[in-house]
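Observations on chain architecture
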Amino acid sequence: MDCQLDIFFLEAVLNGILLAGLLALLALGLNLVFGVIDVVWICYAELVMVGMYGIYFAYKGGAPFILAALFGIILVALAGAALHYVVIRPVLDSEPINQLLVTGGVLFFLQAVATMAFGVEFKNIGISLGSVSAFDMSFSKSRILSFTIALIGMLALWLFLKKTYLGTAIRAIAQDRQIMPLMGVDSKKIYLVTSAVGGGLAGLAASLMVLNYDIYPQIGLQFGPLIFMICVLGGLGNMIGGFVASFIICQFIAVGSSCFHTEWGYAIAFLFFIIAIFFKPQGLFGAKS
Amino acid sequence: MKIPKLSGNAILGLIAIAVLPLVVRLLFPSSERYYLHLLIQILLWAFIYTGWSLMGRFGLTSLGHGAFTGIGAYVTVLLWNFADITPWLGIPIAVLAATIVGVLIGYPCFSLRITGHYFGLMTLALTEFVRLVIVGLRDYTGGSLGTQPKRYGDGVSFYALQFEPDRILSFYIVFALWLLGLYVWWRVDQSMDRYALEAASQDEDAAASVGVNVTKEKLKIMALSSAMCALGGAIFGQYQMYIGPDTIAGLGTSLNMVFAVVAGGMWVMLGPTVGAVFTQVLTEGLRVLIQSSVLLKSTLGSAALALDGAIYGLLLILFIIYMPKGILGTWLERRGRVRK
Amino acid sequence: MLELNGIDAGYGAFQALFNVSLNVKAGEAIAVIGANGAGKTTLLRVISGLIPATRGTMTMEGANLRVTAPHRIIETGIAHVPESRRLFPRLTVEDNLRMGAFIPGARSKYAERLDYVYSLFPRLKERRLQSAGTMSGGEQQMCAIGRALMSGPKLVLLDEPSMGLAPVIVSQVFDLVRRIRSEGYTVLIVEQNVSQVLRVVDRAYLLEVGKIHASGSAVELAASDEIRKAYMGI
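In this report, the structure presented in the accompanying data block is examined. Since this is a predicted model, take the numbers as computed values, not measurements. (Residues numbered from 1 in each chain as written. Chains lettered and ligands numbered in written order. Predicted model: local features only at pLDDT ≥ 70, side-chain atom pairs only at ≥ 80, totals over all residues. Heavy atoms only, no water.)

Okay, the pairing of strand β4 (residues 53-60) of chain C next. Residue and element names in this part refer to chain C. Bridge count between strand β1 (residues 2-11) and β4: 6 bridges; the pairing is antiparallel. Bridge assignment links Leu 2 to a residue of β4, and that residue is Met 60. Pairing of β4 with strand β5 (residues 63-64) involves 2 bridges; the strand directions are antiparallel. Following the sheet pairing, Met 60 is matched in β5 by Ala 63. Remark: 2 residues form the turn of the hairpin made by β4 and β5, two consecutive strands paired antiparallel; Glu 61 in that turn has positive phi of roughly 50 degrees. (Pairing = 2+ DSSP bridges. Helix = DSSP H or I, 4+ residues; strand = E, 2+ residues; numbered from the N terminus.)

Right under this line is the structure:
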């Protein structure tokens, strides 16, 4: 155990903040879909995985990274819309647990198909941006980039929801679905758009993740539960709550990992989550119940 | 002790299952061990799935029961390996531990009315936590590679509760366990608690207003369910003689339980058993098919083994959309007898 | 403008409207009065397409409403102010109004329509950034009507605008109705408050248990003994 309040501690804290940006972006997509459509995509992390593979192959196929990233975003946006159209819509009016289970099925399916199509070996996109040093601390540039892009992504989403007609309709439908036709809004279309935006956010996150992590079919199992935890902790459906929760959890992970073994960082984060929910089961900023 | 009145058919069915090992010995003398293994897996998982369904049928869909099977298995094995505590003591301790964890998670959830999505995600977090702890304690648990209980003597031992080499003995142990599971299910079904829980699953406030202590009822069923799954996990460890965080704990295990019960029929006594037959036969059948199919092996290579996951996933989706009552449930419904 | 002929409608096995026929001419203000459960709200929902009619014809300026998708009815010029206002509680007043202008035809005129609504209802302008759910009942009704006007409708459907409001607010609401009427909108208003609504409209229909029992000018109906005894407590 290695835990003094020294420069390494500070580095861990700051790295935690950088990681939180990325996880907050991931949580955002999930929260959006839940807040609007009232469904939890258990397979959300698997959608990100699909995006990561897409970006990997596009890049390796010769596309410049920006284009590959764009491809990834569009790919997962379409996947999100398809997920809603094919799998969610038939069970939209049945019990919430059916929606969870049906996306659980997609989880199995995507992991298996990815294994069959791409094999189990880890793939890495091979882009190394190097690192910056400040005061004896070193930070990977790709982490800093991810953090920045994540913040920009969140800002873009906020602007979209606040300022555009479609975005306002998305906010409105979460509050009163039944009167939407009276305003000329086709609910089915809004749900599709929301699913596409949720997928797009996952795709954006995927483009940031390929810069920092290896790709393999089971990667969803690594961060999927973490994202759910962050969303529930922040209050499922509450986007700002997810943001804050992400930062809290990432501090536990970063500090825990630097003091103990990596697993313990995560374990402590989960334990914190369980205890926090014990006291505030709606989440720290619980909105929906 | 209340005993159910069994119909003639039921008694015949039980006898048929009880003599299955002998049938296997007659029909497949050379591959007896393999087929017995299959039957044992089916009955063991059927027991575990039945334990899960005690909660699932009342709308308390846990995505984290892998935590309980994991605790059951690992506590038993670790107590044996590192403290030389016989599983006869170790298993009750493990079951108690799992029950305590279940109640600890259940209490805040139920008293604060967490249901549906939230409950599912909470249990998901729990199973992840347990898996992380298992992997984190790698010096004891072997981490993600798993571990084995120390073999005692030649592998068949009353003291160490080990029986794997004797497949026939193993079968009857698991058969008894399975019957126990069905009995528990039946007792719950007959009890007043069942009506209380059904009322609560429809409308908690209404149930509370007629005097149902919703929290206590839910905690009772959760304790029972987690205990059963822990027991199943422990016996799994003793039979398989190997446990791993992903084979007996973790999200995959939890989702398998849900899938099997949904496929078999959540509200029917034999539904989870049908689900176990379905999933085990599916997995085995696919494995055999893939191994013997040159075409599949050449196109997919070793990744062909993932095919069962793909089919699993597809089937889960199709079942939820088209047959949410499961195979047995839908069949019974179609025959005009809906037992809810 | 709006014509219903022989409309049947209901909820599953339960039929709520039987052979309902009515018409609204351009520039008129028409009321449909009746007791609770008579089917008045159902009637408006059928016109807006939220509930399908099982029999009969329904046209708006000749356009067949029965074959129009619910979210496209607004494009025929009908704007529906729902029962209990149904504002989006956590959106601001201005966002609620913006939602009223969602259809493409209304978006291009958003700015001028917004000014217009604010000039009609200055109190809304004061509260434009306030969450709609935190306003008083009367203000919410104002906002709901304003939201309907944002689409530039020809016909405004008002579903029990006085419901759940204190008496002094109720007369303010009927003043609002007079106001939009004088702005040139055609109005179909459904109401339980018979005495007040008959003072605001030209003609009225009496709906009882899903059937039209009487119709005539507002003056006639207000003078009828049957109506006075049953609905006006006289």
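Let us now look at the packing of helix α3 (residues 65-88) of chain A against helix α7 (residues 187-212) of chain A. Residues and elements named next belong to chain A. Between α3 and α7, the least distance of the axes is 6 Å, while the angle of their chain directions is 145 degrees. Between α3 and α7 lies a crossing whose hand is right-handed. Taking contact as the criterion, the partners of Phe 65, Ala 69, Gly 72, Ile 73, Val 76, Ala 77, Gly 80, Ala 81, His 84 and Tyr 85 in α3 are, on α7, Tyr 191, Leu 192, Ser 195, Ala 196, Gly 199, Gly 200, Ala 202, Gly 203, Leu 204, Ser 207, Val 210 and Leu 211. Split by residue class, the contact of α3 with α7 holds 14 nonpolar, 8 polar and no charged. (Axes fitted to C-alpha atoms, helices over the stretch in contact; angles between N-to-C directions. Left-handed = near helix turned anticlockwise from the far one by under 90°. Contact = heavy atoms within 4.5 Å. Nonpolar A, V, L, I, M, F, W, Y, C, P; charged D, E, K, R; others polar.)

Residues and elements named next belong to chain C. The strand order β6-β7-β8-β3-β9-β10 describes an open sheet built from 6 strands, whose pairing is mixed. Each edge of the open sheet is held by one strand with a lone partner, namely β6 (78-81) and β10 (211-217). Taking each pair of neighbouring strands and ignoring which way they run, the sheet shows an average axis angle of 15 degrees. Here 6 bridges tie strand β9 (residues 203-208) to β10, and the two strands are oriented antiparallel to one another. Bridge assignment links Ala 204 to a residue of β10, and that residue is Gly 216. Lying on the sheet, helix α1 (residues 40-47) is in contact with β3 (29-33), β6, β7 (155-159), β8 (186-191) and β9; it crosses β8 at an angle near 145 degrees. Those strands touched by helix α6 (residues 137-149) are β6 and β7, and its axis lies near 165 degrees from that of β6.

Following the criterion strictly, the structure yields 27 salt bridges over all chains and no others. One salt bridge connects A:Arg171 with C:Asp95, and the closest N-O pair in it is separated by 3.0 Å. Of this pair, A:Arg171 sits in helix α6 (residues 165-173) while C:Asp95 sits in helix α2 (residues 93-100), each in a different chain. By the burial criterion, A:Arg171 is buried, and C:Asp95 matches it. (Salt bridge = Lys/Arg side-chain N within 4 Å of Asp/Glu carboxyl O. Buried < 20%, exposed > 50% of the residue type's maximum accessible area, 1.4 Å probe, protein only.)

All names here are of chain C. The 4 strands are arranged β2-β1-β4-β5 in an open sheet whose pairing can be described as antiparallel. Strand pairing shows two members of the sheet lacking a second neighbour, β2 (14-24) and β5, which therefore form its edges. Inspection of the sheet shows β1 paired to β2 by 7 bridges, in the antiparallel sense. Residue pairing across strands places Leu 4 opposite Leu 22, the latter belonging to β2. Together, β1, β2 and β4 form the strand contacts of α1, whose direction differs from that of β1 by roughly 115 degrees.

Let's shift gears to the interface of chain A and chain B. At the interface, 47 residues of chain A touch 44 residues of chain B. Contact with chain B buries surface across chain A, with A:Leu101, A:Phe108 and A:Met116 losing the most and accounting together for 18% of the total. Along the contact surface separating chain A from chain B lie 0 salt bridges. At the junction of chain A and chain B, the tally comes to 0 residue pairs in polar contact (both at pLDDT 80 or more). At the level of elements, α3, α4 (96-118), α8 (219-234) and α10 (262-279) of chain A are the ones that each hand at least two residues to the side of chain A that touches chain B. Here the side of chain A that touches chain B takes 17 residues from α4(A), the largest share from any one element. A breakdown of the residues in the side of chain A that touches chain B according to their chemical character gives 35 nonpolar, 9 polar and 3 charged. (Buried area = accessible area lost by both parts, 1.4 Å probe. Polar contact = N/O pair within 3.5 Å; in protein donor to acceptor, adjacent residues only side chain to side chain.)

Residue and element names in this part refer to chain C. Following the sequence through the fold, Ser 171 ends up in helix α7 (residues 167-182). Between the C-alpha atoms of Ser 171 and Val 156, which are 15 residues apart in sequence, the distance is 19 Å. At 3.1 Å, the side chain of Ser 171 and the backbone oxygen of Val 168 are in polar contact.

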